[in-house]
Amino acid sequence: MSEKVEIKAYTAPAGGWGSMKGLSQTIRSQRAGPETIAEWARQNKPDGFMCVSCAWGKPAHPTVAEFCENGGKATAWEITRFRTTPAFFQKHRVGDLLSWSDHDLEQAGRLTHPMRYDAGSDRYLAVSWEEAFAEIGAKLKTCDPKKVIAYASGRASLETSYMWALFARLHGHQNLPDSSNMCHETTSVGLRSCIGSPVGTIHFTDYEKCDAIFYFGQNPGVNSPRFLRPLAECHQRGVDIVVFNPLKERGLERFTDPQSPVEMLTGKSTPIASQYHQVKAGGDIAALLGMIKHVVHLDDRAHESGAPAVIDHGFIGQHTRGFDAVAQHAREADWAAIEHESGLTRDALESAAAIYARAKAVICVYGMGLTQHVHGITNLQMLVNFMLLRGNVGKPGAGFGPVRGHSNVQGQRTVGITEKTELVPVEQLKKQFGFDPPTDEGWDTVGACEALVKREVQAFVALGGNFARAIPDHRLTEPAWADVDLTVHIATKLNRSHLLTGRTCYLLPCLGRIELDRQKTGSQTVTMEDSFSRIYGSRGRVEPAADTLLSEPAIIAGIARATLPPNPKVPWEEWVADYSLVRDAIETTYPDQFARFNERLHVPGGFWKGVPAAHRQWTTPSGRAEFNVPKVMNSTGFEDQVGRMRLVTLRSNDQFNTTIYGYDDRFRGIKGTRQVALMNRLDLVEMGLRDGETVHLVGDHGDNADARVEGLRVVAYDIPRGCVGGYYPECNPLIPVAHHAEESHVPAAKSVPVRVERAA
Ligand SMILES: Nc1nc2c(c(=O)[nH]1)N[C@H]1C(S)=C(S)[C@@H](COP(=O)(O)OP(=O)(O)OC[C@H]3O[C@@H](n4cnc5c(=O)[nH]c(N)nc54)[C@H](O)[C@@H]3O)O[C@H]1N2
Ligand SMILES: Nc1nc2c(c(=O)[nH]1)N[C@H]1C(S)=C(S)[C@@H](COP(=O)(O)OP(=O)(O)OC[C@H]3O[C@@H](n4cnc5c(=O)[nH]c(N)nc54)[C@H](O)[C@@H]3O)O[C@H]1N2
Ligand SMILES: [Mo]
């Protein structure tokens, strides 16, 4: 906690002066110089660098300031004046740093030197890069490759990610969990099984062509604020925006464009949602079923009266499979059950469905509110059912718009970071690099957590991120790190994962994307893929935080050369000298998606890697888009019981994942603390609790009945009954490792069974 706690409803729109103030606070807190302002001007521009925050699209014709409050914060946070030097580690023992908050650890600044943990003094000590690579390589050589994990957070470039995945496979494993496993893996698995393509199907320009948007469980005001302007433009064009979210998120209610002098000076704002449905956490399956039921009903009625059909039977006959069973299931569904499970009334769902039934082109947007549930796949299947009814995929202005998280998380999967053999061009790799890639399935994030808890992991090497903090069940996972032989973290800033040291432990500082990356052939460009499957070049220009830093490709090459026998087909050193050679290798491995890669990387607006479903090519086993009858009525994966609440873990406006910029969640009116439990007023009355009182959240799942997060302040909040909101990652100890999405294994962080206990 950094400042005075203040909890007061915030009434201003998203964007506007509030976002300006948010930016200036970050500039001050990072002592950022004029270069930060200069970099903001280059952010997300064709000749600039691609934002290190989210994966939102980079338009071909950017605005003057193509960055948002949170992208601006991310830039200032990376090019901060603060440094975490060897002197810092001399001063602070690891045992002491363990008591620091996530905010304070990263606030210490950019890491500058390679460091090795010394258990005797409980300190990190500076080492040379040569020593670090030599020891890491020697240890990795002695490990059973099947017990080595190579984690990747979704920020690393396509070049880095390709080298990373190749290094793992050359070593003999594909234990390649990545942040996507905690995020949109439900999209990868769910969309692939229904429409063949594992990613969104829309183009950026489809927002100019749609006439309705159905918007589930994504918070653009905080997590993708550059989306707010297209949304406001949609509203101004008369597009209906129908939102499903347990919380009233300000960015979905109204927005003032900070780049519009008129709006800024007059205080005018544009409303966003035309309907806002506060669905229960885990209630989307029922909400979608209710809407499907109504559309089927309207279509049946039209059929009887000879009026034009409401459902696109032509599309369904030509392109899909399984419609009749879903239509029949919807006809038979009981409104009382739908209302109970969704927390929404029949009237509300029918009026939402009426918008859908008359819209000619619908985009469906979604985020973690659908993917992070035990039955997240069923959420997506229901979304697909809904969209197929009127052929809303593969036509202008229509399709799926999952909003991805990390700036290159989608791209990492494209270039081989996956534990699944069927997604890897094994024969091509074999030919290209002359080795036999492993074909047994590797560990994903849940697999890695289970192996960790069972003490099966020999080495854990992380390309960025804060794995230990982002994963579930810290109670079981945190103590397990001490039993890992080798932990290695390639990172820009200090975080808690670096303090949970293995028997041998290295912390390797790298360049950030905004920094100039000088190699033998000159300064280098890297590439990213955004939420719209478009690929862009990104060039850093800022002087590196220290001259002792290496680039991520150089660090991977250093470790790989020390670990693997020489292979003339894998020219690590030449790749590091010239990243365009890595792009050539990527093009050879994935010729369809990366044709003429080096030529096209500076095309304004990026180049499109191609998504078959966007052309109505269904690469499913049946060759058709699949309807699926839901087997469950909600996505929680547990029974309702008296006293059991659904915990929804949330991001504040002042964080990027486990990076906590500050303690001001402006839109929710919570300042100075993250130790809160947001609850419905009626639940408080029923439990005899007062607003502002201190409570504990206690696990209520067979696997974590003794997990607790203590000392939370109750905030009476506009949230459906039976739900409680708390912050991620503070509430992660309450999520059991086993509580994850079926099939995709994404931890089910949006409905966790908990009980609320009054503090004594
Ligand atoms: N500033 C900033 N930007 C970020 C991030 C960040 O932390 N900070 N993180 C990045 C990453 S990695 C990701 S994955 C994305 C995450 O971006 P989002 O997908 O927006 O993720 P969350 O904020 O976790 O949750 C999204 C919304 O889901 C709602 N929700 C919860 N449960 C349910 C439910 O059962 N049904 C429905 N319909 N809604 C529900 C919540 O109220 C919340 O508004 O953002 C990326 N961008
Ligand atoms: N309860 C709950 N848990 C969740 C979620 C949730 O909604 N609820 N969301 C999940 C999601 S969607 C995600 S994506 C994960 C996030 O999990 P991660 O991606 O592992 O976590 P981050 O917080 O993004 O990682 C921050 C760290 O990345 C490092 N870093 C920053 N920039 C760079 C760089 O350029 N290079 C390198 N090498 N390192 C860098 C810094 O050291 C920083 O401390 O968390 C998941 N966990
Ligand atoms: Mo994410």
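Bear in mind that the values here come from a model prediction, so they are computed numbers and not experimental data.

*Asks:* Even after reading the chapter, I still don't get the overall build of the protein, so can you show me in this structure?
*Replies:* A tally of regular secondary structure across the protein gives 30 helices and 34 strands. Taken over the C-alpha trace, the protein has a radius of gyration of 25 Å; the compact-globule value for 760 residues is 27 Å, and the two agree within 12%. Expressed along its principal axes, the backbone C-alpha trace of the protein runs to roughly 80 × 65 × 55 Å. Counting over 760 residues, the protein shows a buried share of 66%. Look at the contacts in the protein between residues 6 or more apart in sequence, and 79% of them connect residues 24 or more apart. Accessible area for the protein stands at about 26,400 Å²; split by element, carbon and sulfur atoms hold 52% of it. The protein carries 83 positive and 88 negative side-chain charges, and their two centres are separated by 3 Å.

*Asks:* Where do I start with the pairing of strand 7 (residues 148–152) in this structure?
*Replies:* Consecutive residues of a regular strand have side chains that alternate between opposite faces of the sheet. Buried residues dominate strand 7, accounting for 5 of its 5 residues. Residues Val148, Ala150 and Ala152 line one face of strand 7 and the alternating positions Ile149 and Tyr151 line the opposite face, and both faces are buried. Direction of pairing for strand 7 relative to strand 16 (residues 459–463): parallel, over a ladder of 5 bridges. Bridging across to strand 16, isoleucine 149 finds its partner in phenylalanine 460.

*Asks:* I keep staring at the environment of methionine 645 and nothing clicks. Help me out?
*Replies:* Tracing the sequence through the fold places methionine 645 in strand 25 (residues 645–650). In contact with methionine 645, other than residues within four places in its own chain, are Met679, Asp683, Met687, Gly722, Cys723, Val724, Val752, Pro753, Val754 and Val756.

*Asks:* Looking at this structure, how should I read the site of ligand 2?
*Replies:* Surveying the vicinity of ligand 2 reveals 33 residues, the closest of which are Tyr151, Lys493, Glu552, Thr658 and Asn732. For ligand 2, an oxygen atom lies 2.6 Å from a polar atom in the side chain of tyrosine 151. A distance of 2.7 Å separates an oxygen atom of ligand 2 from a polar atom in the side chain of tyrosine 728. For ligand 2, whose free accessible area comes to 930 Å², the fraction covered by protein is 96%. Taken together, the elements giving at least two residues each to the shell around ligand 2 come down to helix 24 (467–470) and strand 17 (486–491). Looking at the shell around ligand 2, its residues break down into 13 nonpolar, 14 polar and 6 charged.

*Asks:* How do you make sense of the packing of helix 8 (residues 158–171) against helix 28 (residues 579–589) when you look at a structure like this?
*Replies:* Each pair of packed helices can be summarised by the angle the axes make with each other and by the distance between the axes. Interaxial distance between helix 8 and helix 28 falls to 10 Å at its minimum, and their mutual angle equals 65°. The hand of the helix 8/helix 28 crossing is left-handed. Along its contact with helix 8, which presents Leu158, Glu159, Tyr162 and Met163, the element helix 28 presents Tyr579, Val582, Arg583, Ala585, Ile586 and Thr589. Looking at the contact of helix 8 with helix 28, its residues break down into 7 nonpolar, 1 polar and 2 charged.

*Asks:* Sorry, what's going on with the environment of alanine 333 here?
*Replies:* Locating alanine 333 in the fold gives a position in the loop between helix 16 (323–332) and helix 17 (335–342). A residue is classified by how much of its surface remains accessible, and alanine 333, at 15% relative accessible area, is buried. Remark: the alpha-carbon pair of alanine 333 and lysine 293, spanning 40 residues in sequence, is separated by 7.5 Å. Ignoring any residue separated from it by four or fewer positions in sequence, one finds alanine 333 in contact with Leu289, Lys293 and Ile338.

*Asks:* Mind showing me how you'd approach the site of ligand 1 here?
*Replies:* Contacts to ligand 1 come from 30 residues, most closely from Asn245, Glu249, Asp284, Gln655 and Asn657. Within the side chain of asparagine 223, a nitrogen or oxygen atom sits 2.8 Å from an oxygen atom of ligand 1. Backbone polar atom of phenylalanine 244 to a nitrogen atom of ligand 1: 3.0 Å apart, as the coordinates give it. Relative to its unbound accessible area of 910 Å², ligand 1 is 99% covered by the protein chains. Among the elements of the structure, helix 10 (220–223), helix 19 (368–371), strand 25 and strand 26 (655–656) are those that each provide at least two residues to the shell around ligand 1.

*Asks:* Help me out: how do you make sense of the pattern of salt bridges in this one?
*Replies:* When the charged atoms of two side chains lie near each other, side chains of opposite charge can form a pair. This model, assessed by the stated rule, comprises 50 salt bridges. Of the charged contacts, one joins aspartate 240 and arginine 358 as a salt bridge, the two residues approaching to 3.9 Å between their closest N and O atoms. Of this pair, aspartate 240 sits in strand 9 (residues 240–244) while arginine 358 sits in helix 18 (residues 346–358), and the two are 118 residues apart along the sequence. Residue aspartate 240 is classed as partly exposed on the basis of its relative accessible area of 21%.

Cut-off values and rules
Residues numbered from 1 in each chain as written. Chains lettered and ligands numbered in written order. Predicted model: local features only at pLDDT ≥ 70, side-chain atom pairs only at ≥ 80, totals over all residues. Heavy atoms only, no water. Helix = DSSP H or I, 4+ residues; strand = E, 2+ residues; numbered from the N terminus. Rg over C-alpha atoms; globule rule 2.2 N^0.38 Å. Buried < 20%, exposed > 50% of the residue type's maximum accessible area, 1.4 Å probe, protein only. Contact = heavy atoms within 4.5 Å. Areas by Shrake-Rupley, 256 points an atom, 1.4 Å probe, with all protein chains shown as cover. Lys, Arg positive; Asp, Glu negative; His and termini not counted. Charge placed at Lys NZ, Arg CZ, Asp CG, Glu CD. Pairing = 2+ DSSP bridges. Near = heavy atom within 4 Å. Polar contact = N/O pair within 3.5 Å; in protein donor to acceptor, adjacent residues only side chain to side chain. Nonpolar A, V, L, I, M, F, W, Y, C, P; charged D, E, K, R; others polar. Axes fitted to C-alpha atoms, helices over the stretch in contact; angles between N-to-C directions. Left-handed = near helix turned anticlockwise from the far one by under 90°. Salt bridge = Lys/Arg side-chain N within 4 Å of Asp/Glu carboxyl O.

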